[in-house]
Amino acid sequence: MSGIENWNRIAYSTEPVNRVAAAEAVTALYGLATGTEPREIIWCASPAEAARLVALVAAGEERFGPSMRERLRTEPWQRARRELLDQLGRGAWSVAW
């Protein structure tokens, strides 16, 4: 099985999540980003339910606290990109990208 086939298998899986492993990963990432543990982990029964919750967050629902998207996704990506650009230089970065 190729890497892409494996990622597709994971992405399109309908198997229930391993909540213990997922909670451990979320807690570890949240701890790296904030130095604390999450107040709670909210489990959704479906992607549609998750989308409704995301819409509530976008509407300013206070229950969920601040978004961690910048700290967990955007900031590390920007930092890694900047470090690699500094190491490779613009020409090599363009080829690698």
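To start, this report covers the structure provided alongside it. (Residues numbered from 1 in each chain as written. Predicted model: local features only at pLDDT ≥ 70, side-chain atom pairs only at ≥ 80, totals over all residues. Heavy atoms only, no water.)

Turning to the overall build of the protein chain, a few remarks are in order. A tally of helices and strands in the protein chain yields four helices and zero strands. If you list the helices and strands of the protein chain from N to C, you get α-α-α-α. For the protein chain, whose C-alpha radius of gyration is 18 Å, the value lies well above the compact-globule estimate of 13 Å for 97 residues. In the protein chain, which comprises 97 residues, the proportion classed as buried is 8%. (Helix = DSSP H or I, 4+ residues; strand = E, 2+ residues; numbered from the N terminus. Rg over C-alpha atoms; globule rule 2.2 N^0.38 Å. Buried < 20%, exposed > 50% of the residue type's maximum accessible area, 1.4 Å probe, protein only.)

A few words on the environment of N18. By the secondary structure assignment, N18 is in the loop between α1 (3-11) and α2 (19-34). The class for N18 is partly exposed, based on a relative accessible area of 48%. For the pair formed by N18 and N6, sequence separation is twelve residues and the distance between their alpha carbons is 18 Å. For N18, the side chain forms a polar contact with the main-chain nitrogen of A21, separated by 3.0 Å. (Polar contact = N/O pair within 3.5 Å; in protein donor to acceptor, adjacent residues only side chain to side chain.)

Mapped onto the secondary structure, S94 falls in helix α4 (residues 69-96). Taking the C-alpha atoms as reference points, S94 and A22, separated by 72 residues in sequence, lie 35 Å from one another.

A grouping of L29, L32 and L72 is seen on the molecular surface, where their side chains present a nonpolar patch of about 320 Å² in accessible area. Tracing the chain through its elements places L72 in helix α4. Assessed through its relative accessible area of 37%, L72 is described here as partly exposed. (Patch = residues over 30% accessible without salt bridge, like charges linked within 9 Å, V, L, I, M, F, W, Y side chains within 5 Å. Areas by Shrake-Rupley, 256 points an atom, 1.4 Å probe, with all protein chains shown as cover. Salt bridge = Lys/Arg side-chain N within 4 Å of Asp/Glu carboxyl O.)

What follows covers α2. Its 16 residues give α2 an end-to-end C-alpha distance of 22 Å, which sits within 8% of 22 Å, the value for a rise of 1.5 Å per residue. Capping the start of α2 is the job of one residue whose side-chain oxygen sits 3.2 Å from the backbone nitrogen of V20: N18. G35, located one to two residues past α2, shows a positive phi value of around 80 degrees. (Expected span 1.5 Å × (residues − 1).)

Attention now goes to the layout of surface pockets. Estimated volume of the largest pocket: approximately 910 Å³. Around the largest pocket, the lining is made up of 21 residues, and of these E40, I42, V57, F64 and M68 lie nearest the centre. At the level of elements, α2, α3 (47-58) and α4 are the ones that each hand at least two residues to the lining of the largest pocket. The element contributing the most residues to the lining of the largest pocket is α3, with four residues. As a volume, the second largest pocket reaches approximately 200 Å³. If you go around the second largest pocket, the residues you meet are T14, E15, P16, V17, R19, W43, C44, A45, S46 and P47. In terms of residue class, the lining of the second largest pocket is made up of six nonpolar, two polar and two charged. (1 Å grid on protein atoms, 1.4 Å probe; cavity = no way out; pocket = protein on both sides within 12 Å on 5 of 7 lines; lining within 4 Å. Points joined across faces, edges and corners; volume = space filled by probe spheres on them. Nonpolar A, V, L, I, M, F, W, Y, C, P; charged D, E, K, R; others polar.)

Further remarks concern α4. The end-to-end C-alpha separation of α4 is 26 Å, well short of the 40 Å expected for 28 residues at 1.5 Å each. Taking the largest bend as the criterion, α4 deviates by roughly 115 degrees, centred on G89. Residues T74, L85 and W93 constitute the buried set of α4. (Bend = angle between axes of the 7 residues up to and from the residue.)

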